[in-house]
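# Understanding the architecture of this molecule
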Amino acid sequence: MKMKYRLLILLSAVLLVAGLTSCDNGFARDGLRYEINDDGVTLIPSKMNPYVGRINIPDTVLYKDKKYAVTMIGDNAFENSKMLVSIKIPSTVKSIGSAAFKNCKGLKAVHCQMSTPLEIDSTTFQGLYYDQVVLYVPLAASPSYSSDPEWGKFNINEEGETVQRGPAARRQVEHDPGKGTHSF
């Protein structure tokens, strides 16, 4: 009877581990964790440590010889990453979850590449010092971000290339022989 009981416990443990493993479709790339979703991948919280430094979320990631678009930043993905300094969110992202950047007190710059602001809730950036964070958005997108109740809390700047034509586009280059540099 003891042997059957041990075998039953061992079999149950193996089945439990196998079930947990098959349900886990998460993977890591370049220090970021992802989980496969219906239309790409979701960026998820780190299993070990909070995220730190400057993070550039890629448009796509490769996993098992298949390319996936990064379409979501999951709930709590960067929560409590107090040493996260800047984040670049690609235009492929379609949603940002609740508390995704909650308590990221070291965050100084958010670069959103979407020309229309995504809907976020009041917890997405909860605990941030908004007056100390610059939100960089595509050219001509600042009015829509400024009018949004959540995105509008940031200091908003536009970034991107502008193409000027005509006489205003010409600049004179002056050489400063004392410093060996050019000023524009």
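Quick note: structure is the one above.
First things first, this report covers the structure right here in the doc. (Residues numbered from 1 in each chain as written. Predicted model: local features only at pLDDT ≥ 70, side-chain atom pairs only at ≥ 80, totals over all residues. Heavy atoms only, no water.)

## Focus on the environment of glutamate 79
Relative to the assigned elements, glutamate 79 resides in the loop between β6 (66–73) and β7 (84–89). Excluding anything up to four places from it in sequence, glutamate 79 contacts Ala99, Ala100 and Lys102. (Helix = DSSP H or I, 4+ residues; strand = E, 2+ residues; numbered from the N terminus. Contact = heavy atoms within 4.5 Å.)

## Brief notes about the sheet that holds β7
The strand order across the open sheet formed by 5 strands is β4-β7-β9-β10-β11, and the pairing between neighbours is parallel. Strands with a single pairing partner mark the edges of an open sheet, and in this sheet they are β4 (53–56) and β11 (155–159). Each adjacent strand pair in this sheet contributes to an overall mean axis angle of 15°, direction not counted. Relative to strand β9 (residues 109–112), β7 runs parallel, the two sharing 4 bridges. Along β9, the bridge assignment pairs isoleucine 89 with cysteine 112. (Pairing = 2+ DSSP bridges. Axes fitted to C-alpha atoms, helices over the stretch in contact; angles between N-to-C directions.)

## As for the pairing of β7
Here β4 pairs with β7 via 4 bridges, running parallel. Looking at the pairing, glycine 53 lines up with leucine 84 of β7.

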